Structures are given as C-alpha cells and as structure tokens.
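Remarks on the overall topology
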Amino acid sequence: MFLFESIPWQSWVMWFVVLGALIALNEVTRRWKWAGIAFFVALPLVLTVFVWPSTAGEGSSTGTWFHWVKVYSALAGCLGFMLLRYVDKLSKNRWMLLFPALILAVNIGEAVIRDFQVAGLQGMHDGVFMVGGVWNYMNGVAGILNALTICGWMGIVVSRDRSKDMIWPDMMWFWIVAYDLWNFAYVYNCVGDHAFYAGAALLISCTIPAFFIKKGAWLQHRAHTLALWMMFTMAVPTFVSSSSFAVASSHDTTALFVVSALSLVVNVAVAVYQVRVIVTRRRNPLREELFTHLPQYREVVEANAPTTAAVGVPAVGPTPTPVHA
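Attention in this report is confined to the structure presented alongside it.

About the thresholds
Residues numbered from 1 in each chain as written. Predicted model: local features only at pLDDT ≥ 70, side-chain atom pairs only at ≥ 80, totals over all residues. Heavy atoms only, no water. Pairing = 2+ DSSP bridges. Helix = DSSP H or I, 4+ residues; strand = E, 2+ residues; numbered from the N terminus. Expected span 1.5 Å × (residues − 1). Buried < 20%, exposed > 50% of the residue type's maximum accessible area, 1.4 Å probe, protein only. Contact = heavy atoms within 4.5 Å. Axes fitted to C-alpha atoms, helices over the stretch in contact; angles between N-to-C directions. Parallel < 35°, antiparallel > 145°, perpendicular 65-115°, else oblique. Left-handed = near helix turned anticlockwise from the far one by under 90°. Nonpolar A, V, L, I, M, F, W, Y, C, P; charged D, E, K, R; others polar. Core = buried A, V, L, I, M, F, W, Y, C linked by side-chain atoms within 4.5 Å. Phe/Tyr/Trp six-rings, centres within 6.5 Å; stacked < 30°, edge-to-face > 60°.

1. Section: the pairing of strand β2 (residues 128–131)
Of the strand pairs in this sheet, strand β1 (residues 122–125) and β2 are connected by four bridges, and their pairing is antiparallel. The residue of β2 that forms the bridge with H125 is V128.

So this is what it looks like as structure tokens:
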C-alpha cells in the first residue's frame, strides 16, 4: 500500500474498536465531572507511579521526551478546561480565556520541534524507525502556520447544558481539517509505525464529535481523546509496535513527501484566507473573532444559546456562561 504495509483484517477491526472506544470515552468524560476526575486525575497518578516507569522507559517506542511531555501537556489541557467549565469564577476571568489557545499552541509547538529534530535522522532511534528528510521541514512550517492561525479565543463560552462544554465558535471546520492534515503528517513523519492508530483513528475520534455530536467543542474533544490515547500507549507500547494489531508504515519517501506537501498547502490556504478576512473585514485577530459572518459560526453560537449582545442574533434557550476578554 502507499501509506502503510499490508493491513490485515484484524487490524482494521481493531482500528474501529479504537475509534469507537475513544469516541465513547470522550462522551463519558465530557458529560460527567466524576468521570473526568477519574480518568484525568486519579488514573494518571496511578499510572505515573506504578506503570509508566517500567513500560515507557529507555528503549521503548513511547519512552522519548516527546511522549512524556505530550501525555502531561494533554492532561494539563483536560484539567484546565475542566476548571474553566466547572468553576464559575474562573469561567469569568479574562486571563483564563488565554489558556485554551496557549495549551493548543504549546502542543503544536512540541510537535514542530520534534519534526525538525527528526529531519536529520535515519534508521532506528528511540525504538522508532525514522526516515528524515525535507518533508519534516515542510510539515514543521505547516505546524507553525497552524499555530499562528489559532483565532477567536476571546469568544469562548461554557455551555449551560448538562455537559457544560467549552465552546469555541471561531474554530472553523477548515482550521480543524488543516490541523488534522498537519498532525497526521507529523505522526507519519516522526512515528510512522504508530500512524495507523495515533494518526488516523485518533484524529478522526475527535473530528467526528466536533462535526456531528457537539459542534464547537473540538479542542475539548481533542484534549480528551489525545490524553486517553497517550495514557494507553504509554502503558501498552507494544500495541502499536509489535502486537498482532500493529500496522507498519511503508516508509516510502514519496508518501512522506505527499502527506507533508498536502499539509503545507492546506495550511497555507487557511492562512491566506484568514489574512484576507482580517484585511477585508477589518478584524483585529488579537481582540476580535474573525468568522462571525459565516453560517457555521452562527450555527454553533445559536445552538449554545448566545446572548444578543455577543453575536447580534436572538438568544435561544438558556444563556451560556460567557468568558469575556
């Protein structure tokens, strides 16, 4: 195959099991506070003390600095978002509004650094087969553009429904697609033998709920599914490397180039469109949401009961908890 070596039937079955499990656990942890505390506070403490020191040690495919930083930064995002969602005082603090954008940018930055680091590597490193090249630099630039085009954090609200989701209306579908392409290219470039699950299944597991289950809450979905996956692979690293369900990358240089080129092109397109919106609509990206004119934006805010003053449309249902800059 182009991206991967042969994919046996049991791996396809397991791919859908992983996808379904991540979507289901995301739904559980976002709907019930006790579940969020159990999965993102209690479980990581147990794993940190009793499991990860032996399973994610030196020589393991998940024993690099990046995997350790990634799991804790993902957990930090989950906990920060829970504080914003459940502590009314914090949800009204304008400085708390910066946290979601900051933790997202930090996570992208970690991957960009790793992409640049891998560019000069060939063969086995840290338990992973590397094929470094120009594609790493291409995707690193795409990641920088993806981070620079994060916008509209001043419009985040906490919904007043039972799940109290963190809603980010200005995070449009095209930015999410650009992120998915960039992140898949990153995983494919840097841990290619993990990309079948950690690239495709993991990214789709947060995109499906963002598009079809709870629109506007993509970053919350992403943090939950990423933390859940990272905790699992840190505890069971052989699942993606040597189990009967593992799927190896083709390590084809053409595939590496094409995936990164697509990531770069799409992220350039999003950046160009964003600049066009800023210029033509005279928006200040540091103080204002950019895409309030788009129907997808209005769909999200109307579904989450915006105030008339916030978006200029009639309020629907209960008013969400606003976070004002």
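2. A short note on helix α8 (residues 173–190)
The end-to-end C-alpha distance of α8 is 26 Å, a good match for the 26 Å that 18 residues give at a rise of 1.5 Å each. The element α8 is extensively covered by neighbouring structure, given that 15 of its 18 residues are classed as buried.

3. Details of the environment of I144
Looking at where I144 falls in the secondary structure, it is placed in helix α7 (residues 134–148). Each C-alpha atom, one on I144 and one on V112, is 7.1 Å from the other, the two residues being 32 residues apart in sequence. I144 has contacts with V112 and F116, leaving out every residue within four places of it along the chain.

4. What about the packing of α7 against α8?
A pair of packed helices is characterised by two quantities: the angle between their axes and the separation of those axes. As a packed pair, α7 and α8 sit with axes 10 Å apart at the nearest point and diverge in direction by 150 degrees. Looking at the two axes, α7 sits roughly antiparallel to α8. Along this stretch, α7 crosses α8, giving a crossing that reads as left-handed. On α8, the residues that touch W135, N136, N139, A142, G143 and N146 of α7 are W175, A178, Y179, W182, A185, Y186, N189 and C190. For the contact of α7 with α8, the residue count by class is nine nonpolar, five polar and no charged.

5. Some words on the environment of S242
Its location among the elements puts S242 in the loop between α11 (238–241) and α12 (253–280). On the accessibility criterion, S242 (56% relative accessible area) is exposed. Sequence separation between S242 and D193 is 49 residues; the distance between their C-alpha atoms is 9.8 Å.

6. Thoughts on the nonpolar core
Ranked by size, the top nonpolar core spans 90 residues in total, and within it L104, W175, Y197, W218 and W229 carry the most contacts. Setting aside residues up to four positions removed in sequence, W229 forms contacts with V18, L22, Y197, A198, L202, F239 and V240.

7. Brief notes about the packing of aromatic side chains
Under the criterion given, the structure shown has 29 aromatic pairs. Between F81 and F99, the ring centres sit 5.9 Å apart and the planes meet at 75 degrees, which makes this aromatic pair edge-to-face. Pair noted here: F81 is in helix α4 (residues 65–86) and F99 is in helix α6 (residues 98–118), with a separation of 18 residues, a long-range link. Aromatic side chains W229 and F239 sit 6.3 Å apart centroid to centroid with 75 degrees between the ring planes, which places their arrangement in the edge-to-face category. Placement of the pair is W229 in helix α10 (residues 218–235) and F239 in helix α11, with a sequence separation of ten residues.

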